[in-house]
Amino acid sequence: MSEADSRGRVMVVGGGITGITAAIEASEAGCDVILVERSAYLGGRVAQMHQYFPKLCPPVCGLEINLRRIRTSPRIRCLTLSEVVEVQASDGWHRVTVEQRPRFVNERCTACGACVAACPESRSDSFNYGMGTTRAIYLPTDLAWPFRHTIDPAACPGEQCGKCLPACAYGAIDLKMTAQRREFEVQSVIWATGWEPFDASVVDGLGLHSNMISNVQMERLAAPTGPTKGRILRPSDGKEIESVAFVQCAGSRDENHLKHCSSVCCMASLKQARYVRAQYPNADIYVYYIDLRSPGRQELFLAESQQDERLHLVKGKVAKVTEDGTSGDLIVAAEDVMAERSIRQKVSLVVLATGMVPALRNHSASPSSMLSRDPHGFLSNAQLLPGHFAAGCARQPMDVASCVRDATSAALKALQSCVSSHRG
Ligand SMILES: Cc1cc2nc3c(=O)[nH]c(=O)nc-3n(C[C@H](O)[C@H](O)[C@H](O)COP(=O)(O)OP(=O)(O)OC[C@H]3O[C@@H](n4cnc5c(N)ncnc54)[C@H](O)[C@@H]3O)c2cc1C
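Note that this is a predicted model, so its numbers are computed, not measured. (Residues numbered from 1 in each chain as written. Predicted model: local features only at pLDDT ≥ 70, side-chain atom pairs only at ≥ 80, totals over all residues.)

## Re the overall build of the chain
In step 1: Of the regular secondary structure elements, the chain holds eight helices and 22 strands.
In step 2: Its C-alpha radius of gyration of 23 Å places the chain within 12% of the 22 Å reference for a compact globule of 424 residues.
In step 3: With respect to the three principal axes, the spread of C-alpha positions in the chain is 70 × 55 × 35 Å.
In step 4: Counting across all 424 residues of the chain, residues that qualify as buried make up 46%.
In step 5: Residue pairs in contact within the chain that sit at least 24 positions apart in sequence constitute 69% of those at least 6 positions apart. (Helix = DSSP H or I, 4+ residues; strand = E, 2+ residues; numbered from the N terminus. Rg over C-alpha atoms; globule rule 2.2 N^0.38 Å. Buried ≥ 20, exposed ≤ 12 C-beta atoms within 10 Å, placed from the backbone. Contact = placed C-beta atoms within 7 Å.)

Below you can see the structure in the form of structure tokens.
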């Protein structure tokens, strides 16, 4: 497809479960699709999960088949490490400029890993939310597509080092690669840019403690591909845990931070309580909540969880978390509304159930002037220009099943928009 007379009709921005679904649906209905993903791989936050509620299956279940449909589709062109930097609309068409950052590794890469062994530099492991490090050249995830290494330019000194070059038997590393801009003419754009985890360290009283993690980090701790190979251990000393406290609404439904409810955190914590129970049959698990939200059929998951006698669901907001200097344990101070008393509970590990912040909210490179947001920073379909649609968590917090439905709906609207701009 040449850039100028591109046959692409629909652009999907964001390659998480929402963007992947929208791209597949639009392409299988006969449209050409350009899928633009900011990171080095497709899959979004779902690729970082250990298991999905309600069925508790691993993300590979849903992702692998979809990635195969993308890989084998003649109608989908996928650009990773890419972002939209400009959109100009005229006559039902949109001229979109996309900037692609260099991967420094070309398609000859077989992901053999010889380059990783030769690389002396390291970086914080963003896939594991900062728990551990990778080399400056790394494979983003075991499920990565494209299944190819990438270099983090912030951690790599480039040709001054160059130790990876002779290590690669396939000539796949090109340290001279530069960023490229491309223009595409499309008839509609689906924004599926998803969410980022809220940084709860700014919430008064919670603080930063070595044995306190966020719910997204818990997903990685429990995952066999995570930093502890799936063992849920205390971060400070790698010891087994005796008890865990989940602090719900850590910054959410709070006038000072996130006013909205992220709708999935209660279910995520109940799911993560199952991860703990699977490894520690005798651990005490405390969930401190304002309201427990388990909509629709997820009520069954809550009812099953309530059968666990050592899972304590405590209605009450956590006021403060402090550290016991000798043991490294954490002390959770909360109110127990039902018992009408204040409590202090010592636990080995605290998990903050942090909410979702729209990924586009603070993104300087996005064409922010044309993308109106609601008061919480999410994109609002009612306010977008004709031919632009928002889907999944870019629009509002939702679970994976809802994202898939929302993506299908956005693909249908995008197709209708293509048809009407043809007639016009
Ligand atoms: C702790 C936790 C556990 C959860 N567990 C479950 C569960 O078990 N079951 C369930 O159903 N749901 C669960 N969820 C919800 C689930 O994570 C979301 O439903 C899902 O990630 C939404 O997918 P998405 O594609 O809309 O967004 P994302 O997964 O965020 O994907 C968005 C994609 O867009 C890309 N992107 C962002 N900005 C740009 C840009 N400017 N340009 C190009 N690309 C961009 C991102 O890199 C990313 O790949 C959980 C949520 C949390 C917080």
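## Quick word on the domain arrangement of the chain
In step 1: Here the chain is described as being made up of domain 1 (10–101 + 179–194 + 359–423), domain 2 (114–167) and domain 3 (198–356).
In step 2: One C-alpha centre belongs to domain 2, the other to domain 3; they are set 32 Å apart.
In step 3: With five residues of domain 2 at the interface, the matching set in domain 3 holds six residues.
In step 4: Residues that form the side of domain 2 that touches domain 3 fall into these classes: two nonpolar, two polar and one charged. (Domains from an automatic or database assignment. Nonpolar A, V, L, I, M, F, W, Y, C, P; charged D, E, K, R; others polar.)

## Points about the packing of helix 6 (residues 265–279) against helix 7 (residues 298–305)
In step 1: Between helix 6 and helix 7, the least distance of the axes is 11 Å, while the angle of their chain directions is 40 degrees. Considering their axes alone, helix 6 and helix 7 lie oblique with respect to each other. Helix 6 and helix 7 meet at a crossing whose hand is left-handed. For the pair helix 6 and helix 7, the contacting residues are M267, L270 and A273 in the first and Q298, F301, L302 and S305 in the second.
In step 2: Partitioning the contact of helix 6 with helix 7 into residue classes produces five nonpolar, two polar and no charged. (Axes fitted to C-alpha atoms, helices over the stretch in contact; angles between N-to-C directions. Parallel < 35°, antiparallel > 145°, perpendicular 65-115°, else oblique. Left-handed = near helix turned anticlockwise from the far one by under 90°.)

## Regarding the site of the ligand
In step 1: Lining the immediate environment of the ligand, one finds 40 residues, of which G14, G16, G44, G194 and G392 sit closest.
In step 2: Those elements that provide at least two residues to the shell around the ligand are helix 1 (17–28), helix 5 (215–222), helix 6 and helix 8 (400–423).
In step 3: Composition of the shell around the ligand by domain shows at least three residues from each of domain 1 (10–101 + 179–194 + 359–423) and domain 3 (198–356). (Near = placed C-beta within 6 Å.)

## Regarding the sheet that holds strand 16 (residues 311–315)
Working definition: the strands of a sheet are paired by backbone hydrogen bonds and lie parallel or antiparallel to each other.
In step 1: Spatial ordering of the open sheet is given by 13-20-14-15-16, a layout of five strands whose pairing is parallel. In this open sheet, the two strands that pair with only one neighbour each are strand 13 (212–214) and strand 16. Looking at each pair of strands side by side, their axes are set apart by 20 degrees on average, direction ignored.
In step 2: Judged from the five bridges that link them, strand 14 (residues 243–247) and strand 15 (residues 284–289) form a sheet pairing that is parallel. Looking across to strand 15, one finds that A245 is bridged to Y286.
In step 3: Across the sheet, helix 6 is in contact with strand 14, strand 15, strand 16 and strand 20 (349–352); its angle to strand 15 comes to roughly 175 degrees. (Pairing = 2+ DSSP bridges.)

## Points about the sheet that holds strand 10 (residues 180–186)
In step 1: Strands sit in the order 4-5-10 across an open sheet of three strands; the sheet is antiparallel. In this open sheet, the two strands that pair with only one neighbour each are strand 4 (82–90) and strand 10. Here the strands of the sheet are splayed against their neighbours by 20 degrees on average, with no regard to which way each runs.
In step 2: Bridge count between strand 5 (residues 93–100) and strand 10: seven bridges; the pairing is antiparallel.

## A closer look at the pairing of strand 16
In step 1: Relative to strand 16, strand 15 runs parallel, the two being bridged by five bridges. Looking across to strand 16, one finds that V287 is bridged to L313.
In step 2: Between the parallel elements strand 15 and strand 16, the chain passes through helix 7 in a crossover that is right-handed. (Right-handed = clockwise from strand over helix to strand, strands pointing away.)

## Details of the environment of A273
In step 1: Mapping A273 onto the fold places it in helix 6.
In step 2: When the C-alpha atoms of A273 and H209 are compared, they prove to be 20 Å apart, with 64 residues separating the residues in sequence.
In step 3: Not counting residues up to four positions away in its chain, the partners in contact with A273 are F246, I285, V287, S305 and L311.

## Points about the confidence of the model for the chain
In step 1: Chain-level statistics for the chain give a pLDDT mean of 92 and a share of 95% at 70 or above.
In step 2: Note that pLDDT drops below 50 for residues 1–7; the model gives that stretch ten contacts with residues more than four away or on any other chain. (pLDDT = per-residue confidence, 0-100.)

## Describing unusual backbone geometry
In step 1: Of note, the amide linkage connecting F53 to P54 takes the cis form, showing an omega dihedral of 0 degrees.
In step 2: Mapped onto the elements of the fold, P54 is located in the loop between strand 2 (33–36) and helix 2 (60–71).
In step 3: Look at the link from W145 to P146: it is a cis peptide, with omega at 5 degrees.
In step 4: Mapped onto the secondary structure, P146 falls in the loop between strand 8 (137–138) and strand 9 (150–151).
In step 5: Its identity as a non-glycine residue notwithstanding, A111 has a phi of 60 degrees, on the positive side.
In step 6: Note that A111 resides in the loop between strand 5 and helix 3 (114–118).
In step 7: We classify A111 as partly exposed; it has 15 C-beta atoms within 10 Å.
In step 8: Unlike most non-glycine residues, Y129 shows phi in positive territory, near 50 degrees.
In step 9: As for its placement among the helices and strands, Y129 is situated in the loop between strand 6 (122–124) and strand 7 (133–135).
In step 10: Residue class for Y129 comes out buried when judged on the 20 C-beta atoms lying within 10 Å of it.

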